[in-house]
Amino acid sequence: MKRILVTGGTGFIGSHTTVELINAGYDVVIVDNLSNSNADVVKGIERITGVCPAFEEADCCDMDAMDSIFSKYAPIEGIIHFAASKAVNESVEKPLLYYRNNIVSLVNLLELMPKHDVKGIIFSSSCTVYGQPSAENLPVTEEAPIQQALSPYGNTKQINEEIIRDFVHSGAPVKSVILRYFNPIGAHPTALIGELPNGVPMNLIPFVTQTAAGIRGELKIFGNDYSTEDGTCIRDYIYVV
């Protein structure tokens, strides 16, 4: 059975990906520092799949801890790297935190891959790499040009894509896939896992649902000059499953 390391695997997208991997017959090892998630998610994954994935509470920026995990669970076939700080506003306020966490974590993984004979990595990037697209590039496709990032968060995704590209082109024995997506929402049909960030949500849909449930007092809507019926923004969403 092939083993996949999922970083950020107790997070929103990571937990749902772990379910799909287990259902597809993979053995999954989750690494998460629980900075924006809860270890109880592992129990939800087990209830859905009947399989309890291995879980290691660790920070991908901790090289020694990650080296030990790679050795403990060898052989690892591939990595899906979701672990990252992801709030745009916070990244503007704390840019160094984002550059350290998002970039160092990836560099550590790439350095460890050849050492432990890990062949492939899927990197969770973002549509933020397309910046603010011009009218001729809307709706955005993969052919849209990458533009200057609008936040430190977006810039970390651009930089990480360049790091992966440079590493692979250097002749490293590694294959890579980069995923650029925008606004995943929803939850597994069982409702045993879903989007439940720690603290105040930074994403719209959790804020909407928490406001509806009375956890938040109000929902603030920003923007009143878009070319829409009520002047507010229209956004695309992707069902997480």
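Before reading further, recall that the structure is shown in the block above.
A brief look at the structure comes next. (Residues numbered from 1 in each chain as written. Predicted model: local features only at pLDDT ≥ 70, side-chain atom pairs only at ≥ 80, totals over all residues. Heavy atoms only, no water.)

**Some words on the overall build of the chain**
Phase 1 of the analysis: Across its full length, the chain carries seven helices and eight strands.
Phase 2 of the analysis: For the chain, the C-alpha radius of gyration of 18 Å lies close to 18 Å, the compact-globule estimate for 241 residues.
Phase 3 of the analysis: Counting all 241 residues of the chain, 41% fall into the buried class.
Phase 4 of the analysis: Expressed as a percentage of contacts within the chain between residues at least 6 apart in sequence, the contacts between residues at least 24 apart total 68%.
Phase 5 of the analysis: About 13,300 Å² of surface is accessible on the chain, with carbon and sulfur atoms providing 53% of the total. (Helix = DSSP H or I, 4+ residues; strand = E, 2+ residues; numbered from the N terminus. Rg over C-alpha atoms; globule rule 2.2 N^0.38 Å. Buried < 20%, exposed > 50% of the residue type's maximum accessible area, 1.4 Å probe, protein only. Contact = heavy atoms within 4.5 Å. Areas by Shrake-Rupley, 256 points an atom, 1.4 Å probe, with all protein chains shown as cover.)

**Quick look at a nonpolar patch on the surface**
Phase 1 of the analysis: Taken together, L204, V208, L219, I221 and Y237 make up a surface patch of nonpolar side chains, about 410 Å² in accessible area.
Phase 2 of the analysis: With respect to the helices and strands, I221 occurs in the loop between α7 (204-212) and β8 (238-239). (Patch = residues over 30% accessible without salt bridge, like charges linked within 9 Å, V, L, I, M, F, W, Y side chains within 5 Å. Salt bridge = Lys/Arg side-chain N within 4 Å of Asp/Glu carboxyl O.)

**Focus on unusual backbone geometry**
Phase 1 of the analysis: Put simply, A74 and P75 share a cis peptide bond, and its omega is 0°.
Phase 2 of the analysis: As for its placement among the helices and strands, P75 is situated in the loop between α3 (63-72) and β4 (78-81).
Phase 3 of the analysis: Here L138 and P139 are connected by a cis peptide whose omega angle stands at -5°.
Phase 4 of the analysis: Positive phi is not limited to glycine here, since L34 has a value of about 60°.
Phase 5 of the analysis: With respect to the helices and strands, the residue L34 is situated in the loop between β2 (27-32) and α2 (41-49).
Phase 6 of the analysis: Despite not being glycine, N183 has its phi angle at roughly 55°, a positive value.
Phase 7 of the analysis: Its location among the elements puts N183 in the loop between β6 (175-179) and β7 (184-185).
Phase 8 of the analysis: Classification of N183 as buried rests on a relative accessible area of 19%.

**Re the environment of I103**
Phase 1 of the analysis: Looking at the element boundaries, I103 is found in helix α5 (residues 95-115).
Phase 2 of the analysis: Put simply, I103 and C61 are 42 residues apart on the chain and 8.7 Å apart in space, counted from C-alpha to C-alpha.
Phase 3 of the analysis: Leaving out residues up to four positions away in the same chain, I103 has contacts with Y98, I159, N160 and I163.

**Things to note about the sheet that holds β2**
Phase 1 of the analysis: The sheet built from six strands is open, its strands ordered β3-β2-β1-β4-β5-β6 with parallel pairing. The open sheet has two edge strands, β3 (54-57) and β6, and neither has a second partner. This sheet shows a mean twist of 15° between the axes of neighbouring strands, independent of strand direction.
Phase 2 of the analysis: Where strand β5 (residues 120-124) and β6 come together, five bridges link them in parallel fashion. The partner of F123 across the bridge, within β6, is I178. (Pairing = 2+ DSSP bridges. Axes fitted to C-alpha atoms, helices over the stretch in contact; angles between N-to-C directions.)

**Some thoughts on the pattern of salt bridges**
Phase 1 of the analysis: Throughout the structure, instances matching the rule amount to seven salt bridges.
Phase 2 of the analysis: With its nearest N and O atoms 2.7 Å apart, the salt bridge here joins R180 to E161. Placement of R180 in the loop between β6 and β7 and of E161 in helix α6 (residues 152-169) is noted, with a sequence separation of 19 residues between them.
Phase 3 of the analysis: Note on E161: relative accessible area 1%, which makes it buried.

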